Amino acid sequence: MWKKYLYLTIVITIIASTITIPQVSATNNIKQLVTDAQNAGTILKWAISKEGSADFKTRPFEQYNTTKETIAAAEKVAGGLSNSEQLSAQAKLVDPKIQVKRAQAYIDAITSSEKIYKLTTSLQNAINSADLISVEAAYHIATAEYRKQVKLLDRVYGQSTRDSIRDQVKPSMEKLIADVKYDVTVKMYLDQANDFIEENRLLQASLELDKANSYIDNKTTNFTFRTFLTKAFDETLNSLPLQPLFITSDGKNSVTINFSKAYNIPLEGLVAGQFKVSGESVQSAQLSNDKKSVILTTSDLSTGTSYTVSWKEQQLNFKIEAVPDTTGIALTDKKTAYLETTDSQVYTAKLTNLDGSNYNGRVQISLGESSAVITSVNGQRIESGQETISYADPNGNLVIIIAAAYGFNAETPSVTYVQPKIQKIDGNKSTKKAGITHFYQLQNVEGPYILTIDSDEIATEEDFIYTGGYKYKWDANDLFFIYNGQVSQEVFEKVLSKGDRVEVSYETRTDNHSTWNINVDLTKDRDLEFQNPVTSPLTFDGYSYDISGTAQPGNKVKVYRNDVLVGNTIVDAKGNWTLGSVSLLQEVANTFIAYQYAPGRDGINGEGAVNTNNPATTTINEGAFASTQIDLNDKSSNGLSISDTLEFTFHNPTYGHEFKKDVSGIMIINDGFGNNAVVTVEYVDEDTLQIIDFVTTDDGYNHKASLFVITETKEIVNQDQLTFNITGNGFTSFVNNHSAY
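Residues numbered from 1 in each chain as written. Predicted model: local features only at pLDDT ≥ 70, side-chain atom pairs only at ≥ 80, totals over all residues. Heavy atoms only, no water.

K.L.:
Can you help me understand the overall build of the chain in this one?
P.N.:
Helix and strand counts for the chain stand at nine helices and 42 strands. Evaluated residue by residue, the chain yields a buried proportion of 46% over its 741 residues. When contacts within the chain are restricted to residue pairs at least 6 apart in sequence, those whose partners lie at least 24 apart make up 63%. Carbon and sulfur atoms make up 50% of the accessible area of the chain, which totals about 37,200 Å². (Helix = DSSP H or I, 4+ residues; strand = E, 2+ residues; numbered from the N terminus. Buried < 20%, exposed > 50% of the residue type's maximum accessible area, 1.4 Å probe, protein only. Contact = heavy atoms within 4.5 Å. Areas by Shrake-Rupley, 256 points an atom, 1.4 Å probe, with all protein chains shown as cover.)

K.L.:
Explain helix H2 (residues 30-47) here, please?
P.N.:
Since one α-helical turn is 3.6 residues long, residues separated by three or four positions face the same way. Given a rise of 1.5 Å per residue, 18 residues ought to cover 26 Å, and the 26 Å separating the end C-alpha atoms of H2 matches this to within 8%. Within H2 the residues assigned to the buried category are Ile30, Leu33, Val34, Asp36, Ala37, Asn39, Ala40, Gly41, Ile43, Leu44 and Ala47. (Expected span 1.5 Å × (residues − 1).)

K.L.:
Help me understand the packing of aromatic side chains, please; the structure alone is not making it clear to me.
P.N.:
When we look at a pair of aromatic rings, we describe it by the centre distance and by the angle of the planes. On inspection of all chains with the given rule, the structure shows 28 aromatic pairs. Relative to Tyr472, the ring of Tyr449 lies with its centre 5.6 Å away and its plane at 70 degrees, an arrangement referred to as edge-to-face. Here Tyr472 lies in strand S23 (residues 470-473) and Tyr449 lies in strand S20 (residues 447-452), a separation of 23 residues in the sequence. The same class applies to Tyr449 and to Tyr472, which are both buried. Between Trp474 and Phe480 the ring centres are 6.3 Å apart and the planes differ by 85 degrees, which places this aromatic pair in the edge-to-face class. For the pair formed by Trp474 and Phe480, the shared burial category is buried. Its end group placed over the ring of Tyr359, Lys424 keeps NZ or CZ at 5.0 Å from the ring centre. (Phe/Tyr/Trp six-rings, centres within 6.5 Å; stacked < 30°, edge-to-face > 60°. Lys NZ or Arg CZ within 6 Å of the ring centre and 35° of its normal.)

K.L.:
Any chance you could explain the packing of helix H7 (residues 202-216) against helix H8 (residues 226-239) here in plain terms?
P.N.:
Each pair of packed helices can be described by the angle between their axes along with the distance between the axes. Across the interface, H7 lies against H8 with an axial gap of 11 Å and an inter-helix angle of 150 degrees. Of the possible angle classes, the one that applies to H7 and H8 is roughly antiparallel. Considering the relative orientation of H7 and H8, their crossing is left-handed. Across the interface between the two elements, Leu209, Ala212, Asn213 and Ile216 from H7 touch Arg226, Leu229, Thr230, Phe233, Thr236 and Leu237 from H8. (Axes fitted to C-alpha atoms, helices over the stretch in contact; angles between N-to-C directions. Parallel < 35°, antiparallel > 145°, perpendicular 65-115°, else oblique. Left-handed = near helix turned anticlockwise from the far one by under 90°.)

K.L.:
I tried to follow the pattern of salt bridges on my own but got confused; where do I start?
P.N.:
Close approach of charged atoms allows side chains with opposite charge to pair. Taken as a whole and judged by the stated rule, the model has 16 salt bridges. Note that Glu199 and Arg201 form a salt bridge whose closest N and O atoms lie 3.0 Å from each other. Judged by relative accessible area, Arg201 falls into the partly exposed class, the value being 34%. Here Asp546 makes a salt bridge to Lys276, at a shortest N to O gap of 3.5 Å. Here Lys276 lies in strand S3 (residues 275-277) and Asp546 lies in strand S30 (residues 544-550), a separation of 270 residues in the sequence. The exposure class assigned to Lys276 is buried, which follows from its relative accessible area of 14%. A network of salt bridges, in which partner residues are shared, links Glu136, Lys187 and Asp191. (Salt bridge = Lys/Arg side-chain N within 4 Å of Asp/Glu carboxyl O.)

K.L.:
Would you take a moment to explain the environment of Asp131 for this structure?
P.N.:
Tracing the chain through its elements places Asp131 in the loop between helix H4 (83-129) and helix H5 (132-154). We classify Asp131 as partly exposed; its relative accessible area is 31%. At a separation of 3.2 Å, a polar atom in the side chain of Asp131 contacts the main-chain amide nitrogen of Ile133. (Polar contact = N/O pair within 3.5 Å; in protein donor to acceptor, adjacent residues only side chain to side chain.)

K.L.:
Any chance you could explain the nonpolar core here in plain terms?
P.N.:
As a rule of thumb, soluble globular proteins bury nonpolar side chains together. Core analysis: the biggest nonpolar cluster contains 37 residues, and Leu296 and Trp577 have the highest contact counts within it. Val135, Val184, Ala232 and Leu245 belong to the second largest nonpolar core, which has 32 residues in total. (Core = buried A, V, L, I, M, F, W, Y, C linked by side-chain atoms within 4.5 Å.)

K.L.:
How should I be thinking about the layout of surface pockets in this particular structure?
P.N.:
In this approach a probe as big as a water molecule rolls over the atoms, and the regions it shows empty are the leftover space. Empty space within the second largest pocket amounts to approximately 660 Å³. Lining the second largest pocket we find 29 residues, and of these Ile247, Thr248, Ser249, Asp325 and Lys432 sit closest to its centre. Every element with two or more residues in the lining of the second largest pocket is listed here: strand S1 (244-249), strand S7 (314-319) and strand S8 (329-331). Here the element with the most residues in the lining of the second largest pocket is S1; it accounts for five residues. Considering only residue class, the lining of the second largest pocket consists of twelve nonpolar, eight polar and nine charged. (1 Å grid on protein atoms, 1.4 Å probe; cavity = no way out; pocket = protein on both sides within 12 Å on 5 of 7 lines; lining within 4 Å. Points joined across faces, edges and corners; volume = space filled by probe spheres on them. Nonpolar A, V, L, I, M, F, W, Y, C, P; charged D, E, K, R; others polar.)

K.L.:
How do you make sense of the sheet that holds S3 when you look at a structure like this?
P.N.:
Strand pairing within a sheet occurs via backbone hydrogen bonds; the two strands may be parallel or antiparallel. A sheet is described by the order of its strands in space; here three strands give the open sequence S3-S6-S7, paired in antiparallel fashion. Each edge of the sheet is formed by a strand with only one pairing partner; in this case those strands are S3 and S7. Between one strand and the next, the sheet's axes are offset by a mean angle of 15 degrees, whatever the strand orientation. By the bridge criterion, three bridges tie S3 to strand S6 (residues 306-311) in an arrangement that is antiparallel. Each bridged residue has a counterpart across the sheet, and for Lys276 the counterpart in S6 is Ser310. (Pairing = 2+ DSSP bridges.)

K.L.:
How should helix H3 (residues 61-78) be read in this particular structure?
P.N.:
Across its 18 residues, H3 extends 26 Å between first and last C-alpha, which sits within 8% of the 26 Å expected from 1.5 Å per residue. Along H3, the positions that sit buried rather than exposed are Tyr64, Thr66, Thr67, Thr70, Ile71, Ala73, Ala74, Val77 and Ala78.

K.L.:
What should I look at first to understand unusual backbone geometry in this one?
P.N.:
Most peptide bonds take the trans configuration, and most residues that are not glycine carry a negative phi. Pro533 follows Asn532 through a cis peptide bond whose omega is 10 degrees. When you line up the elements, Pro533 lands in the loop between strand S28 (529-532) and strand S29 (538-540). Between Ser536 and the following residue, Pro537, the backbone shows a cis peptide bond with an omega angle of 0 degrees. Mapped onto the elements, Pro537 comes out in the loop between S28 and S29.

K.L.:
Would you mind going over the sheet that holds strand S24 (residues 479-482) with me for this structure?
P.N.:
One open sheet holds the five strands; their spatial order is S20-S26-S27-S24-S25, and the pairing between them is mixed. The sheet is open, and its two borders are formed by S20 and strand S25 (485-487), each paired with just one other strand. Neighbour to neighbour, the strand axes of the sheet diverge by 25 degrees on average, direction disregarded. Sheet analysis places S24 next to S25, joined by three bridges and oriented antiparallel. When the bridges of S25 are listed, Phe480 appears paired with Val487.

Shown next as structure tokens:
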């Protein structure tokens, strides 16, 4: 082998000694010039070849430049020759030109290797400094150059040459990348989560934290800075407010509140009474296994009905579809939005397959005949107007941005109504409509106006009203009047309502003073009503309940429980009030009476109240749904069996307990000798259940025992969805079989 290399070296040396770099005044002997170029190309070929003198670290600039110059000299002289001589010369210069092109790729790849070597050192220094910010910066620069070299190497001739160049830097670089790639990935997720938290985009922040946690929780993940990242994750998680993000429901009696993070409030605080579902009763609250969801058991939910779920000061809306939702399209927010025509609206959705896995297929977004347009899907600009086809991201997420119109101007139609339709093109091809967005044109013409409020959209929190096709805005710099008497902005907003007539001197500049004068006021105090509990009387088993309702904004509401004051509160601008969680007297009827007082007025037991003679009332009958006696009606005299009925005498008979109509459930009934049977029962009347199925689980079951014991029940509830209780003082789980005596 050494003889071969020695021979090549001698040949290359001889060839090189015969080449004279041509000058502008070089000989016109084209044959010699072409031969010089061919010889130079041969030298260059061996200089970049594994079989030649290439060491994959040195850039052969001298040989490269010599070859280019000899080719240029030959081409210059050939330009003055005949066509046939030019073609002959060019044919002989093809190979030298190929070697120049290959050498350029070779040199570029080695130049990149030198950069990678320096960047590898920088990344190692950053890792040694234990500064993850520096590590991330060095990592991104190094990997970008590494990816660049991959493309450059594709241009290098010969697999063995490419491998040899790559091997100069690949092992050390790839080792460092492997050491910190998960550290950098998790840090990026945490940085993004912190940005989302600062922007109050809590759903997105929660998703980023889930991504980070999937790596941190995996003990096999290779981290260099695991301790640092774990601490950073905990700090970010702690900074994420515990808030409900979205609602799901089975459409029957279950509502699930999905929180931004694990519900780590002490479980004794997890009581049904602190949650509200508008128009329904909440009887129990249970924490999910991952502690990120609370499952509420409610009274019967109605299909096609919109609900509001309240927890503390947070509210979320959801709607029970006419059929159970199997679309796999979960919209994070379906509430109606009111924007200006220069604004844009963001819709987000989570898409899943029928098996619950992330849907990554095609999605069609349609806006119908609205003049609004789709401007972006998952960060990609869209130019297709009212309809487009895109893809959900790898996590099944879809982020859509809608604008009122492209190139909006003052002549654009004043109001746009849009409700995007999202359809999965692949999979089960399901469809769902997103929330409605109204784009209102802002009134930008100054002048006097006489406005009759014809819309319910009086958004005092956002300082605007919509009427007559335009949105009118006011600010703290404006002046407010009622029947020509000046009032504060707060008082004006409380009084303003649909049907009022307002005289306006309207200024479009915020530094000028607009005036707003209500000269026809149709406002009257809103009736005081209890909204939670939603039924009265309500049977409930618990220590506290969230008491709330509606009344005139700005008024004071005072609430009494069994003639004792339990609290007062001010009605908010939307007419809602809440006392929060109020303790309940145990095993008695808790009767609540409420009065509302105009601002500046007060009194005791309704004295001076707006509704002195018409107080709002509601009753919560606190106590378990249980029995003091259960009797078997043995119809066939064969002992406990199918078609027999069970008659119940309920605890607290004045509460009016009765089985929920059409109830069907399971009981585990023991024969008193340790043998069990699974018994299916269904509704007969308010206090009677009939056995429709009977399966013994133990041999030797005594159907004719004189006393049976109910050890467990499932889905046996009363009219308020309160679960039947077989434990507790004064309750019984014994079934008397009088026919056995």
